[in-house]
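In case you want the letters, here they are:
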Amino acid sequence: GELAAAIQTLARDLEHLKNERNDFLANIAHELRTPLTYIKGYADIASRSSLTSKDREHYLNIIKEESEQLTMLVKNLFALAKMDQNQFSILPEQVKLCDSLDKVINRLHPVFEEKEVGLELECPEEVEGWVDPERFQQVILNLLDNALKHSTAGGTIHVSSNQKEGRAVVKVRDEGSGIPSEELPFIFDRLYRVDKSRSRASGGSGLGLAIVKEIIRLHGGQISVESSLGNGTTFIIDLPGGENND
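This text gives an overview of the structure that appears in the document. (Residues numbered from 1 in each chain as written. Predicted model: local features only at pLDDT ≥ 70, side-chain atom pairs only at ≥ 80, totals over all residues. Heavy atoms only, no water.)

Summed over all chains, the structure comprises two aromatic pairs. Taking the centre distance of 5.5 Å and the plane angle of 25 degrees together, the rings of Tyr42 and Tyr59 count as stacked. Within this pair, whereas Tyr42 is found in helix α1 (residues 2-46), its partner Tyr59 is found in helix α2 (residues 53-84), the two being separated by 17 residues in sequence. Centre to centre, the rings of Phe188 and Phe235 are 6.1 Å apart; their planes meet at 80 degrees, and the pair counts as edge-to-face. You can see Phe188 sitting in the loop between β5 (167-173) and α5 (208-218) and its partner Phe235 sitting in strand β7 (residues 233-240), a full 47 residues away along the chain. Taking the relative accessible area as the measure of exposure, Phe188 reaches 13% and is therefore buried. (Phe/Tyr/Trp six-rings, centres within 6.5 Å; stacked < 30°, edge-to-face > 60°. Helix = DSSP H or I, 4+ residues; strand = E, 2+ residues; numbered from the N terminus. Buried < 20%, exposed > 50% of the residue type's maximum accessible area, 1.4 Å probe, protein only.)

Turning to its location among the elements, Thr234 is positioned in strand β7. With residues near it in sequence (within four places) discarded, Thr234 still touches Lys171, Val172, Arg173, Ser224, Val225 and Glu226. (Contact = heavy atoms within 4.5 Å.)

The next point concerns the sheet that holds β5. Reading across the sheet, the five strands line up as β2-β4-β5-β7-β6 and stay open at both edges, with mixed pairing between neighbours. Looking at which strands have only one partner, the edges of the open sheet turn out to be β2 (118-122) and β6 (222-227). The average undirected angle you get between the axes of adjacent strands in this sheet is 15 degrees. With seven bridges connecting them, β5 and β7 associate as antiparallel partners. (Pairing = 2+ DSSP bridges. Axes fitted to C-alpha atoms, helices over the stretch in contact; angles between N-to-C directions.)

For Ser227, the location among the structural elements is in strand β6. Here the side chain of Ser227 touches Ile179 through a polar contact of 2.8 Å, landing on its backbone nitrogen. Of note is the side chain of Ser227, whose polar atom sits 2.8 Å from the side chain of Thr233. Setting aside its immediate chain neighbours within four residues, Ser227 contacts Gly178, Ile179, Leu184, Gly232 and Thr233. (Polar contact = N/O pair within 3.5 Å; in protein donor to acceptor, adjacent residues only side chain to side chain.)

The next thing to look at is the pattern of salt bridges. For the structure shown, the criterion picks out five salt bridges. Between Glu128 and Lys96 there is a salt bridge whose closest N-O contact spans 3.4 Å. Of this pair, Glu128 sits in strand β3 (residues 128-131) while Lys96 sits in strand β1 (residues 93-96), and the two are 32 residues apart along the sequence. A relative accessible area of 35% means that Lys96 is categorised as partly exposed. In this structure, Glu214 and Arg217 form a salt bridge, with 2.5 Å as the shortest nitrogen-oxygen distance. Of the two residues, Glu214 and Arg217 are both situated in helix α5; the distance of three residues between them amounts to about one turn of the helix. (Salt bridge = Lys/Arg side-chain N within 4 Å of Asp/Glu carboxyl O.)

This brings us to a negative patch on the surface. A grouping of Asp99, Asp102, Glu125 and Glu126 is seen on the molecular surface, where their side chains present a negatively charged patch. With respect to the helices, strands and loops of the structure, Glu126 is situated in the loop between β2 and β3. (Patch = residues over 30% accessible without salt bridge, like charges linked within 9 Å, V, L, I, M, F, W, Y side chains within 5 Å. Areas by Shrake-Rupley, 256 points an atom, 1.4 Å probe, with all protein chains shown as cover. Lys, Arg positive; Asp, Glu negative; His and termini not counted. Charge placed at Lys NZ, Arg CZ, Asp CG, Glu CD.)

What follows concerns unusual backbone geometry. A positive phi is found at Glu116, a non-glycine position, where the angle reads about 60 degrees. Residue position: Glu116 is located in the loop between α3 (97-114) and β2. Here Glu116 falls in the exposed class, since its relative accessible area comes to 55%. Of note in this structure, Glu165 is not a glycine but carries a positive phi near 50 degrees. Residue placement: Glu165 occurs in the loop between β4 (156-164) and β5. Taking relative accessible area as the criterion, Glu165 reaches 77% and is therefore assigned exposed.

In this section: the packing of α3 against helix α4 (residues 133-149). Taken N-terminus to C-terminus, the directions of α3 and α4 make an angle of 35 degrees; their axes are 10 Å apart at the nearest point. Crossing of α3 against α4: the hand is right-handed. On α4, the residues that touch Leu97, Ser100, Leu101, Lys103, Val104, Ile105, Arg107, Leu108, Val111 and Phe112 of α3 are Phe136, Gln137, Ile140, Leu141, Leu144 and Leu148. Grouping the constituent residues of the contact of α3 with α4 by class yields 12 nonpolar, two polar and two charged. (Left-handed = near helix turned anticlockwise from the far one by under 90°. Nonpolar A, V, L, I, M, F, W, Y, C, P; charged D, E, K, R; others polar.)

Turning to α4, a few remarks are in order. Taking 1.5 Å of rise per residue, the 17 residues of α4 would be expected to cover 24 Å, and the 24 Å separating its terminal C-alpha atoms lies within 8% of that figure. When α4 is considered as a whole, its buried residues turn out to be Arg135, Phe136, Gln137, Val139, Ile140, Leu141, Leu143, Leu144, Ala147 and Leu148. Here α4 starts with a cap whose side-chain oxygen sits 3.1 Å from the backbone nitrogen of Glu134, and that cap is Asp132. (Expected span 1.5 Å × (residues − 1).)

In structure tokens form, the structure reads like this:
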């Protein structure tokens, strides 16, 4: 009886994995097909002899944007594949998180100003984390980019950090539309997007948060999210705070 139950459980798990794999491949096909369709379509239009120089430049810029989006998608897929094969390198060191956060925010300020969204940092100088500086900045860039996509002009995104019981805690909070409670358990899944329309305006490939979660896990940390419709979203990162916590 125990053997039969174990076989049934294994069969269910295998079926679940099969369905997940099929969904993942279908989503990948969709994500690749969309920019390729735009590139081909606009390349055909740009090649028309009757087109003005201004219009041709406009269509060529769209092709460039779609190519960059496709490149980023492939790069993210490659990163996830390396993580799955344990080939993704994390080189942690003692880092003053304020310095890293300040670098990211200075880098993004022009983009935020262009969209009229405020960006504030609250970070005591003494806060330190045991992190890979490059990977940590990659995480913050991804979260801020995600927050900006869901913010409107006049809103503000708040970044803060503090030390708590030997751990470093970083929060990224936006004042956007928020995430429905039923969607929260799935937002870190690969290729999952709250916006099911998959419109070009909404951007993103649904891989960013999956990569963020994996990078945090490889640091020995955790990431969680708090959100509700109409009240914005807060991502909370908990990381090792010192050399004795690795």
